[in-house]
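Observations on the model geometry
For reference, the chains in residue letters:
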Amino acid sequence: MAWTRFQVFLALLMVFTGSINTISTKWADTIKSVGRDGELKNFDHPFFQASTMFLGELMCLVLFKTLYIIYSRRADGTEDVSELTKGNRNFNPLILYIPAICDMTATSIMYIGLNLTFASSFQMFRGSVIVFVGLLSVAFLNRNLERREWSGIGFVIIGLAVVGVADFVSQNGEQQHNKNDVITGDMLIVIAQIIQAVQMVVEEKFVRGENIPSLQAVGWEGLFGFVTLALLQIPFYFIHAVPPLTQRSGDRLEDAIDALVQMGNSIPLFFAILGTIISIAFFNFAGISVTKEMSATTRMVLDSVRTIVIWVFSLAFFGQAFHWLQLFGFVLLITGMCLYNGITFTSTYGYLNAVFARRSRRDNLEESIINTNAEETEP
């Protein structure tokens, strides 16, 4: 079946907002602005940026409540059949707290890593979550992976190794970070994927059976993550850290006041942070809608497309040098993801055959109806 206009819109919205989210976050890292100490410096506030991401997720809860109120006022049961609001709404939100904490920890670590490495590498290394989800599923969910899935994991591991080598041998056009910084950033992103894999396994074991509306689940996790991380930034203010957690040895682990001052002193920085907040909200909405309207596999494919967009943007605007190894690594990653998710040449060929067969039957039916009507109107 061909995609409807609404499905095409959702796909484009997911790719666009997902790309904007990573690009705007990396853009903020490269902007220099005057801080509270009167010094012109880079915006190095990963925990503050993670808070803005959770603020964007919190907007999903606002959207869910708004849609539910609108549907309820219709008094026709729309709230129970709409893909965005149907499901179990009578649950204990605290069951989402542990996944939210995992998400908070992983996101904070990833943003530290993003500040040290390339935006394209950041997006590619996020694909390593497949490896850890697969292994943890075997260990804690008693799942038996098929040979195809093990092959996919193998391809992903090799692809990640190739991307890591590409980062090590390539030259950074901006010379903002040395090779040690880049490799450290890559490793931090991989570590964050282990934590996110734990989050996904916990959600599958304890949350999936609750049948919680996806938009509401994302919103609650955003609320828990935002409140917890906002409170943690109070003790973070009094902790002095060293690189790579901070730009210089002795800087505060996080200084939210300094972040706000820098945003106030730079209009581009303000819009970069605003772009992170808005894009993550729309990205979650579009991602959930794509899964509902089409499939989780389609969502994975679209996520791969935004990796290409981010990579091209990094080459054009973030001073990243092209290296063929990264292209090769990306191909291996996509191959591994496709194998793990069951997207093979055979399945794709079968799907296309089914689509063309349905379209042919529909066209024949329409032609038969037209001929029948024509015969009935003849004198």
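This text goes with the structure placed above it.
Residues numbered from 1 in each chain as written. Predicted model: local features only at pLDDT ≥ 70, side-chain atom pairs only at ≥ 80, totals over all residues. Heavy atoms only, no water.

**Some words on the overall build of the chain**
- The number of helices and strands found in the chain is 13 helices and two strands.
- Each of the 379 residues in the chain was classed as buried or not, and the buried ones make up 49%.
- Taking the contacts inside the chain whose residues are at least 6 apart along the sequence as the reference set, 80% of them involve residues at least 24 apart.
- About 18,800 Å² of surface is accessible on the chain, with carbon and sulfur atoms providing 66% of the total. (Helix = DSSP H or I, 4+ residues; strand = E, 2+ residues; numbered from the N terminus. Buried < 20%, exposed > 50% of the residue type's maximum accessible area, 1.4 Å probe, protein only. Contact = heavy atoms within 4.5 Å. Areas by Shrake-Rupley, 256 points an atom, 1.4 Å probe, with all protein chains shown as cover.)

**So, the pattern of salt bridges**
- Scanning the model with the defined rule gives five salt bridges in all.
- Across the pair aspartate 37 and lysine 41 runs a salt bridge, and its minimum N-O distance is 3.5 Å.
- You can call lysine 41 buried: its relative accessible area is 14%.
- Notably, a salt bridge pairs arginine 143 with glutamate 204, separated by 2.2 Å at the nearest N-O pair. Separated by 61 residues along the polypeptide, arginine 143 in the loop between α5 (129-140) and α6 (147-169) and glutamate 204 in helix α7 (residues 179-207) bring together distant segments of the chain.
- Judged by relative accessible area, arginine 143 falls into the partly exposed class, the value being 29%. (Salt bridge = Lys/Arg side-chain N within 4 Å of Asp/Glu carboxyl O.)

**Some thoughts on unusual backbone geometry**
- Backbone geometry at asparagine 142 places phi at a positive 55°, although glycine is not the residue there.
- Locating asparagine 142 in the fold gives a position in the loop between α5 and α6.
- Its identity is not glycine, yet asparagine 211 carries a phi of approximately 55°, on the positive side.
- In this fold, asparagine 211 is placed in the loop between α7 and α8 (214-237).

**Brief notes about a nonpolar patch on the surface**
- On the surface, Trp27, Ile267, Phe270, Phe271, Leu274, Ile278 and Phe282 cluster together into a nonpolar patch covering about 660 Å² of accessible area.
- Top element by residues in the nonpolar patch is helix α10 (residues 267-293). It accounts for six residues.
- Counting through the fold element by element, phenylalanine 270 comes out in helix α10. (Patch = residues over 30% accessible without salt bridge, like charges linked within 9 Å, V, L, I, M, F, W, Y side chains within 5 Å.)

**Focus: the packing of α6 against helix α12 (residues 324-340)**
- Closest axis-to-axis distance for the α6/α12 pair is 7 Å, and the angle between their directions is 160°. One element, α6, and the other, α12, form an angle in the roughly antiparallel class. Of the two possible hands of crossing, α6 and α12 adopt the one that is left-handed.
- For the contact of α6 with α12, the per-class residue count stands at 18 nonpolar, seven polar and three charged. (Axes fitted to C-alpha atoms, helices over the stretch in contact; angles between N-to-C directions. Parallel < 35°, antiparallel > 145°, perpendicular 65-115°, else oblique. Left-handed = near helix turned anticlockwise from the far one by under 90°. Nonpolar A, V, L, I, M, F, W, Y, C, P; charged D, E, K, R; others polar.)

**What about the side chain of aspartate 29?**
- Here aspartate 29 lies in helix α1 (residues 5-30).
- Lysine 26 provides the closest opposite charge to the buried, salt-bridge-free aspartate 29, at an N-O distance of 4.9 Å.
- A polar atom in the side chain of aspartate 29 sits 3.3 Å from the side chain of glutamine 49. (Lys, Arg positive; Asp, Glu negative; His and termini not counted. Polar contact = N/O pair within 3.5 Å; in protein donor to acceptor, adjacent residues only side chain to side chain.)

**Things to note about the side chain of histidine 45**
- Relative to the helices and strands, histidine 45 resides in the loop between β2 (40-42) and α2 (46-74).
- Those residues in contact with histidine 45 that lie beyond four places of it in its chain are Glu254, Asp255, Asp258, Ala259 and Gln262.

**Description of the environment of phenylalanine 125**
- Positionally, phenylalanine 125 belongs in helix α4 (residues 119-125).
- The class for phenylalanine 125 is buried, based on a relative accessible area of 5%.
- As a C-alpha pair, phenylalanine 125 and glutamine 193 span 68 residues in sequence and 8.3 Å in three-dimensional space.
- Once residues within four sequence positions are removed from consideration, phenylalanine 125 is found in contact with Leu160, Val163, Gly164, Asp167, Asp186, Ile189, Val190 and Gln193.

**Details of the environment of glutamate 203**
- If you trace the backbone, glutamate 203 turns up in helix α7.
- Remark: the alpha-carbon pair of glutamate 203 and alanine 100, spanning 103 residues in sequence, is separated by 9.9 Å.

**So, the packing of aromatic side chains**
- Per the counting criterion, the structure on display carries eight aromatic pairs.
- Note on tyrosine 97 and phenylalanine 224: the rings are 5.5 Å apart at their centroids and 80° apart in plane angle, and the pair reads as edge-to-face. Taken together, the residues span a long stretch of sequence, with tyrosine 97 in helix α3 (residues 97-114) and phenylalanine 224 in helix α8 at a distance of 127 residues.
- What links up through ring pairs into an aromatic cluster is the set Tyr97, Trp220 and Phe224.
- In this structure, arginine 252 is placed above the aromatic ring of tyrosine 237, and the distance from its NZ or CZ to the ring centre is 4.0 Å. (Phe/Tyr/Trp six-rings, centres within 6.5 Å; stacked < 30°, edge-to-face > 60°. Lys NZ or Arg CZ within 6 Å of the ring centre and 35° of its normal.)

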